[in-house]
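Chain and residue survey
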Amino acid sequence: IAVLILLGIVALQWLGIRISSQFQEVTTSLKCLAFLILVLACLLVPASGHALARMTPSMTFSGLMVALQAIVITYGGWQSPLYFIEEDRNPTRNLPRIMIGGVLSVIGIYLLVNVALLKVLPMSQLAGATFPAADAARMIAGTHGRNFITVLSVISLIPLLNAVMMMGTRVIFGLGRDQLFWSRTSTVNRGGTPDTATLLTAAIAVGLIATGTFQRLIAVTSFFLAANYSLCCMALIALRRREPELQRPYRAWGYPWSVWLVMAGSVNLLVGIL
C-alpha cells in the first residue's frame, strides 16, 4: 500500500508543479479541518470522570530521547518552504510569514489535540496507546469512529508525502545544477517537475519502505534532521564572518545567541540519540 501511494504521488507530481501545489493546499486544509472536528467532538463529549493524577510521572534519559525523536519529526517540516524559494514570486515577504505561521499553527493544533485526548481517555490508557486519536474516536462513536479515524490518518499522510517528495527532488535538482551531483538530475519536464530527481528519490524511498523498519527509520531521520540543524547554524555563523557585507533579506533574531542556543539543543539531541 505504501509503495502504491508513493507511486501515485510521483504520477501526480509528474503532471507539473501547479497541479501538485494545488493538491497540497487542498489536502492540507482538509487535514487541519479533520483534526479540529476531532477536537470539537472530544471536547463536547461529557467528561468520563477518570482521574488524570493516578499515574506517577517518571522520566528517564532514554525515554526523553525517544520522545524528542518523535517531536523532531512532528515539527520537521517547519523549514520546508526554504526548498521552494525559487518558485515563490515574493520570497522576502512570504518565507518568514509561512515558516513562523506554520510553526504556530502546528503548536496550536497539537495542543488542542492533546487537550481533547486527555478529555476523553484516562491517562493510563493514553500512555500505552499506539493510536490515541482512534481510541478517542472509538470512545465517541464506537468501532465506526475508530475505523474512520484510521482511514483518515492514512489519507492525511498523503499531503505530507507529497511535500517531502517535492522537497527531496529539489535538493537533488540543486546539487545537479551546481555540478555537485549527476548533471542529469537538473532536468525538468514540461510541467516544471525535476523528472530525473523525482524518479531517483522515488527509487530510494521504495527501498526504505521495503526494509519495513518504521521505528528505525524515524530514529535515523530525526538524527539527520538534528545534524542538519547544527550544520545550518554553523554555516550561518561562518558566512556572516566571511561575507559580512553580503546583502541579507532576512534577519536572524537574537544573533548570535539564538543560533548558539539552537545549535546547543541540536548537539545535545544528537548525543542523546547516539
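Preceding block: the structure.
Reference entry: report on the structure contained in this document.

Calculation rules
- Residues numbered from 1 in each chain as written.
- Predicted model: local features only at pLDDT ≥ 70, side-chain atom pairs only at ≥ 80, totals over all residues.
- Heavy atoms only, no water.
- Helix = DSSP H or I, 4+ residues; strand = E, 2+ residues; numbered from the N terminus.
- Buried < 20%, exposed > 50% of the residue type's maximum accessible area, 1.4 Å probe, protein only.
- Contact = heavy atoms within 4.5 Å.
- Axes fitted to C-alpha atoms, helices over the stretch in contact; angles between N-to-C directions.
- Parallel < 35°, antiparallel > 145°, perpendicular 65-115°, else oblique.
- Left-handed = near helix turned anticlockwise from the far one by under 90°.
- Nonpolar A, V, L, I, M, F, W, Y, C, P; charged D, E, K, R; others polar.
- Expected span 1.5 Å × (residues − 1).
- Arc of directions from axis to C-beta.
- Patch = residues over 30% accessible without salt bridge, like charges linked within 9 Å, V, L, I, M, F, W, Y side chains within 5 Å.
- Areas by Shrake-Rupley, 256 points an atom, 1.4 Å probe, with all protein chains shown as cover.
- Salt bridge = Lys/Arg side-chain N within 4 Å of Asp/Glu carboxyl O.
- Phe/Tyr/Trp six-rings, centres within 6.5 Å; stacked < 30°, edge-to-face > 60°.
- Lys NZ or Arg CZ within 6 Å of the ring centre and 35° of its normal.
- Polar contact = N/O pair within 3.5 Å; in protein donor to acceptor, adjacent residues only side chain to side chain.

**Notes on the overall build of the protein chain**
Counting its secondary structure elements, the protein chain contains nine helices and zero strands. Seen through its C-alpha atoms, the protein chain measures out along the principal axes to roughly 60 × 45 × 40 Å. Out of the 274 residues belonging to the protein chain, those deemed buried represent 29%. Put simply, 66% of the contacts in the protein chain that link residues at least 6 apart link residues at least 24 apart.

**Let's talk about the packing of helix H2 (residues 17-44) against helix H6 (residues 132-177)**
For the pair H2 and H6, interaxial distance at closest approach is 10 Å and the crossing angle is 155°. Classified by the angle between their axes, H2 and H6 sit roughly antiparallel to one another. With respect to the hand of their crossing, H2 and H6 are arranged in left-handed fashion. Residue-level inspection shows Ile17, Ser20, Ser21, Phe23, Gln24, Thr27, Thr28, Lys31, Ala34, Leu38, Ala41 and Cys42 of H2 in contact with H6, the latter providing Ala133, Ala136, Ile140, Ile149, Leu152, Ser156, Ile158, Pro159, Asn162, Ala163, Met166 and Arg170. Looking at the contact of H2 with H6 residue by residue, the class counts come to 15 nonpolar, seven polar and two charged.

**Quick look at helix H3 (residues 61-74)**
Because each turn of an α-helix spans 3.6 residues, side chains separated by three or four positions end up pointing in the same direction. Between the first and last C-alpha of H3 there are 20 Å, a value that for 14 residues agrees with the 20 Å anticipated at 1.5 Å per step. Along H3, the residues classified as buried are Met65, Gln69 and Val72. In an axial view of H3, the angular spread of the buried residues amounts to 70°, which keeps them on one side of the axis. The secondary structure elements touched by the buried residues of H3 are helix H8 (214-242) and helix H9 (257-273).

**Structural notes on a nonpolar patch on the surface**
Where nonpolar side chains cluster on the molecular surface, the patch consists of Ile100, Leu104, Ile107, Leu111 and Trp253 and spans about 540 Å² of accessible area. Locating Ile100 in the fold gives a position in helix H4 (residues 91-120).

**Here's the deal with the environment of Gly272**
Looking at where Gly272 falls in the secondary structure, it is placed in helix H9. Expressed as a C-alpha distance, the spacing of Gly272 and Ile140, which sit 132 residues apart in the sequence, is 39 Å. Here Gly272 is in contact with Phe61 and Met65, once residues within four sequence places are set aside.

**Observations concerning the pattern of salt bridges**
Enumeration according to the criterion identifies three salt bridges in this entry. With a closest N to O distance of 2.7 Å, Glu87 and Arg170 form a salt bridge. Pair noted here: Glu87 is in the loop between H3 and H4 and Arg170 is in helix H6, with a separation of 83 residues, a long-range link. For Glu87, a relative accessible area of 40% corresponds to the partly exposed category. The residue Arg146 makes a salt bridge to Asp135 at a minimum N-O spacing of 2.5 Å. Judged by relative accessible area, Arg146 falls into the partly exposed class, the value being 27%.

**Some remarks on the packing of aromatic side chains**
By the definition in use, this model includes two aromatic pairs. Relative to Tyr229, the ring of Trp78 has its centre 6.1 Å away and its plane inclined at 50°; by these criteria the two rings are tilted. Within this pair, whereas Trp78 is found in the loop between H3 and H4, its partner Tyr229 is found in helix H8, the two being separated by 151 residues in sequence. Relative accessible area serves as the criterion here: at 17%, Tyr229 is assigned to the buried category. With centroids separated by 5.6 Å and ring planes inclined at 85°, the aromatic side chains of Phe223 and Phe224 adopt a geometry described as edge-to-face. Given a relative accessible area of 23%, Phe223 falls into the partly exposed group. The ring of Tyr255 carries Arg240 above its face, with NZ or CZ at 4.8 Å from the centroid.

**Some remarks on the side chain of Thr185**
Mapping Thr185 onto the fold places it in the loop between H6 and helix H7 (195-211). What makes Thr185 buried here is its relative accessible area of 0%. Within polar-contact distance, the side chain of Thr185 engages the backbone oxygen of Ile172 at 3.4 Å. A polar side-chain atom of Thr185 sits 2.6 Å from the main-chain carbonyl oxygen of Trp182. If sequence neighbours within four positions are ignored, Thr185 has contacts with Ile172, Phe173, Gly176, Thr196, Ala197 and Leu200.

Don't take any of this as a statement about function, it's just geometry.
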